[in-house]
Amino acid sequence: MNKFLCSLVVLMLAAVHLNAANQLTPAQKASIVTKFGTEVKYNFAHMDKLPCNWDSLYMARLPQIVDTPTDEAFLDSLKLLCATLKDGHTAVWCNTPAVRDWTLPFFTKRFGNRVFVTDVITDKMIAAGLRPGTEILEMNDMPVIEYGEKNVIPYFPSSTPQWSQSAAFFGGQLTNGPADKSVKVKFRNAPDSIFTLNVERDMNWQYNPYNKRVISHKKLPGNIGYIKIPSFQQGLFDHEKFIEVFDSLENVSSLVIDIRDNGGGNSTYGDFILRLICPDTIPALEWSSPKYIPVMKAWGKTVEPYIEKGNPLIPFSAQHAEIPKFEIPVVLLVNSNTFSASEDFAATFRAAKRGKIIGTPTGGSTGQPIMIDLGYGYMARICARDEWLPDGTEFIGVGIIPDVVVEESESFFSGKDNVLEEALKLLK
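This one's a predicted model, so the numbers in the text were calculated from it and none came from an experiment. Within each chain, residues carry numbers counting from 1 in the order of the written sequence. Local features are withheld for residues below a pLDDT of 70 in this predicted model, meaning they are given only at 70 or higher, and side-chain atom pairs are given and counted only at 80 or more; totals for whole chains, interfaces and linings count all residues. Excluding hydrogens and water, the side-chain figures rest on all heavy atoms present in the structure.

A short note on the pattern of salt bridges
Right, on to step 1. Here, a salt bridge means any side-chain nitrogen of Lys or Arg that lies within 4 Å of a carboxyl oxygen of Asp or Glu. With the rule as written, the count across this model stands at 18 salt bridges.
Right, on to step 2. Linking E135 and R114 is a salt bridge whose minimum nitrogen-to-oxygen distance equals 2.8 Å. With a gap of 21 residues between them, E135 in strand β5 (residues 135–139) and R114 in strand β4 (residues 114–120) connect regions that are remote in the sequence.
Right, on to step 3. Residue exposure (1.4 Å probe, protein chains only): buried if accessible area is under 20% of the type maximum, exposed if over 50%, otherwise partly exposed. The class of E135 is buried, set by a relative accessible area of 6%.
Right, on to step 4. Residue R114 is classed as partly exposed on the basis of its relative accessible area, which comes to 32%.
Right, on to step 5. Where D119 meets K212, a salt bridge forms, and the shortest distance between an N and an O atom there is 2.6 Å. A run of DSSP states H or I qualifies as a helix once it reaches four residues; a run of E qualifies as a strand once it reaches two. Both are numbered from the N-terminal end.

Here it is, written out as structure tokens:
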């Protein structure tokens, strides 16, 4: 299953805005909404979890959405309708905005009720005083958390509260918007240096934050190995690099695997790692997808969804005599930005009972979305697959709940990783 586009679409396209011109006719708007509503009806994997009748909901909202005064307002209304599905793999956007959207030239992350810069993309912003660890206090004269809750979260496709509260402030999502509009931002550098900038979006990136999302490793005190896997996206995850890192930690007595902030990608990459670190057969997740047989509807019969048990994963050590079983203790680190394919990894890790999971509940969204052309430049993706653990435990809409819950702290910027420290305590 290939889902490497999911995280990129969520982070870069979920907040698209058109210009104020009303280029769509009412009939075109109605066509877009009804096509989206129909495609959801027949393809959405979690229809049974909706608290109301979908046909009634979108038809009730149709007049209001069609009557929006601008294309921008229309798209926002369509996003609000999509958000009622409460699914992180289901979203709508427009591919042909009159004004190109882009993020401000820095990325962010939320810790508790504070938001900090994690990556600075241009020298201009570095010269202005931004660096990893710079705190964002306000955006357009609004406290930053309030700004996100008002301008980002309501339009953000999300399966769980923890993912809304985390991912909406992560990467470029918080600051994404019309490229021709600047944003007034108040910053603070420790201990008390406060400054305000009018920051332009339409800047060329000199540094690509995604290039930093590569596998890294180190040896920690107590002969504990540590591997950070920031992405399972094609082009960012490297099999050969992982094997090189894995072999370099051959003699460690225990291992920490860190998939915090891993927004997913291709699930087969996670399966590859599991086959390396698990000594025994790995149970596969089970899944279902909607099924529609027209003649059954004519006969008034209910059609049950298609259900399939995945094929168990066989460890490499069981297939190759020269590969020894990997039996040392393993701990997995997760957070609320652990999402999609990385959540598949966490779920299968738990199903295999391979070790303890430490951090905060994961994003609670995976599955297989399909792409739908709604017409007139508008697109949707709709999650068409539900998944659960082999014992029947549901994690979509819930998240993988860690064995040990530990909140991340902004002390990370000063070199103190309290989640990793908890893992080391456990392993020692």
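Side note on helix α2 (residues 26–43)
Right, on to step 1. The end-to-end C-alpha distance of α2 is 26 Å, a good match for the 26 Å that 18 residues give at a rise of 1.5 Å each.
Right, on to step 2. All buried positions along α2 are accounted for by K29, I32, V33, F36, G37, V40 and N43. End-on, the buried residues of α2 take up no more than an arc of 155°, which puts them together on one face.
Right, on to step 3. Working rule for contacts: check all heavy atoms of both residues, and any pair within 4.5 Å makes them a contact. Summarising the contacts, the buried residues of α2 are in contact with α3 (54–66), α4 (71–83), β1 (91–94), β17 (369–375) and β18 (378–383). By this rule, a helix spans an expected 1.5 Å times one less than how many residues it contains. Regarding the arc, it is the one traced by the directions from the helix axis to the C-beta atoms.

Quick word on the environment of Y378
Right, on to step 1. Within the secondary structure layout, Y378 lies in strand β18.
Right, on to step 2. Y378 gets classed as buried once you look at its relative accessible area, which sits at 1%.
Right, on to step 3. Distance in space between the C-alpha atoms of Y378 and L75 is 8.9 Å, their sequence separation being 303 residues.

Topic: the sheet that holds strand β19 (residues 386–388)
Right, on to step 1. At least two DSSP bridges between two strands are required for those strands to pair. Here three strands make up an open sheet; going across it, the order is β14-β13-β19 and the pairing antiparallel. The two strands at the open ends of the sheet, each matched to only one other strand, are β14 (306–309) and β19. Neighbour-to-neighbour, the strand axes of this sheet turn through a mean angle of 20°, independent of strand direction.
Right, on to step 2. Examined bridge by bridge, strand β13 (residues 286–289) and β19 share three bridges and lie antiparallel to one another. Considered in β19, the bridge of S288 is made with D386. The axes are straight lines fitted to the C-alpha atoms, using for helices just the contacting stretch, and the angles between their N-to-C directions are given from 0 to 180°.

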